[in-house]
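Read off the chains here:
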Amino acid sequence: MAVYNLATIDVAKVIMFVTDSSLNQTNKPEKKRFVILISGLGSNMQHIAQLANDSSSRVSIQAVVSNKASAAGLDWAARRGIETAVVDHRLFSDREKFDQALARVVVKFEPDYVLLAGFMRILTPGFVNQFKGRLINIHPSLLPAFPGLHTHARAIEAGVQRHGCSVHFVTDELDYGPVIAQAALEVSTTETPEQLAQRVLVLEHQLYPKVVQWLSRDQVTLDDNGKVTLHGVSYRHIGTSE
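Residues numbered from 1 in each chain as written. Predicted model: local features only at pLDDT ≥ 70, side-chain atom pairs only at ≥ 80, totals over all residues. Heavy atoms only, no water.

## Quick look at unusual backbone geometry
How we decide: Secondary structure counts use DSSP, requiring at least four H or I residues in a row for a helix and at least two E residues in a row for a strand, with both numbered from the N terminus.
Omega for the bond connecting leucine 143 with proline 144 falls within 30 degrees of zero, at 15°, which places this linkage in the cis form. Here proline 144 shows up in the loop between β6 (135-139) and α6 (151-158). Despite not being glycine, glutamate 110 has its phi angle at roughly 50°, a positive value. Relative to the helices and strands, glutamate 110 is located in the loop between α4 (95-107) and β5 (113-116). In this model, aspartate 218 sits at a positive phi of 60°, which is unusual for a non-glycine residue. Looking at the secondary structure, you find aspartate 218 in the loop between α7 (193-216) and β9 (220-222).

Take a look at the structure:
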């Protein structure tokens, strides 16, 4: 695992130690390159990485990058031969400098898409614009409802009938980027926010890999007006009722 303090280190020299794990993969031109950003366990990252293990998959996970060296998902990825890196946000004086350093690490892996999977940092417009149209996030609500934090408690408090998760393109406005797909379930009148969170997490693990698969097959397009179009996809949303 590479750990970077790019505020004081020559980036060109540091990156010499970052290996491109895809060099020996077969059918490389057919695969899309993904970098995944995490801050903790990265359970969504794990499900996406498992998708990439399928021999017929067009998904290539180039790296898992975290802002925390203690993120458990880093060890999980490293044990499976996925390149990992850390850019510790605490070593930078402001968000802009951290995001600039993070971007310099990410671009070295030449990703087609950058996936946020429990990355608990609000990204600056500079970072978002650098990866415009290629930066994807999963949010635990049916956007545009309940952007931000504590979505499950807010959903219960609001008395909504359905709740779920959304995979969307990231824009400057927090949690308001164009939605690619959503997954929904019925909200019980007796469950706690913690119970609802666990049920929604199951949907996240289904939805995010599905969207990544679409991205890898060029089935998702985003036009200049922010309209998302899916090609060859009959159903873009997952809905369940109990």
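There's more to say after this.
## Things to note about the packing of aromatic side chains
Stated formally: By convention, a stacked pair of Phe, Tyr or Trp rings (six-membered ring in the case of Trp) has centres within 6.5 Å and planes under 30 degrees apart, an edge-to-face pair has planes over 60 apart, and any other such pair is tilted. In this analysis the charged atom, NZ for Lys or CZ for Arg, is taken to sit over a ring once it is within 6 Å of the ring centre and within 35 degrees of the ring normal.
Per the counting criterion, the structure on display carries 3 aromatic pairs. A cation over a ring is seen here: arginine 121 above phenylalanine 98, with NZ or CZ 5.2 Å from the ring centre.

## A look at α6
Note the cut-off: Burial here depends on accessible area, computed with a 1.4 Å probe over protein chains only, as a share of the maximum for the residue type. Under 20% is buried, over 50% is exposed, and the range in between is partly exposed. What the arc covers is the set of directions going from the helix axis to the C-beta atoms. Two residues form a contact once any of their heavy atoms are found within 4.5 Å.
For α6, every residue scored as buried is listed here: Thr151, His152 and Ala155. Buried residues of α6, viewed axially, fall in a sector of 100°; they line one side. Contacts from the buried residues of α6 go to β6, β7 (162-169) and α7.

## Topic: the nonpolar core
The following threshold applies: Side-chain atoms within 4.5 Å link the members of a nonpolar core, which is a set of buried Ala, Val, Leu, Ile, Met, Phe, Trp, Tyr and Cys residues.
In terms of nonpolar packing, the biggest core is built from 44 residues, with Ile36, Ile61, Val64, Leu115, Ile136, Ile180 and Tyr208 touching the most fellow members. Ranked by residues supplied to this core, first place goes to α7 with 9 residues. Ignoring sequence-local partners within four residues, the contact set of isoleucine 36 consists of Met45, Ile48, Ile61, Ala63, Val64, Val65, Leu115 and Ala117. Core analysis: the second largest hydrophobic core is formed by 23 residues, Ala85, Ala101, Leu102 and Val105 among them.

## Comments concerning the pairing of strand β8 (residues 179-186)
This is how it is decided: Only when DSSP finds a minimum of two bridges between them are two strands counted as paired.
Where burial is concerned, most of β8 is hidden: 7 out of the 8 residues are buried. When β7 meets β8, the two strands line up antiparallel, connected through 7 bridges. Looking at β8, one finds that cysteine 165 is bridged to alanine 183.

## Quick look at the side chain of serine 141
When you line up the elements, serine 141 lands in the loop between β6 and α6. The class of serine 141 is buried, set by a relative accessible area of 0%. Contact partners of serine 141, with chain neighbours within four places excluded, come to Phe146, Thr151, His163, Gly164, Cys165 and Ser166.

## Some points on the environment of histidine 205
Tracing the backbone shows histidine 205 in helix α7. The spacing of histidine 205 and isoleucine 48 is 157 residues in sequence and 8.2 Å in space, taken between C-alpha atoms. Not counting chain neighbours up to four residues away, the residues in contact with histidine 205 comprise Ser43, Asn44 and His47.

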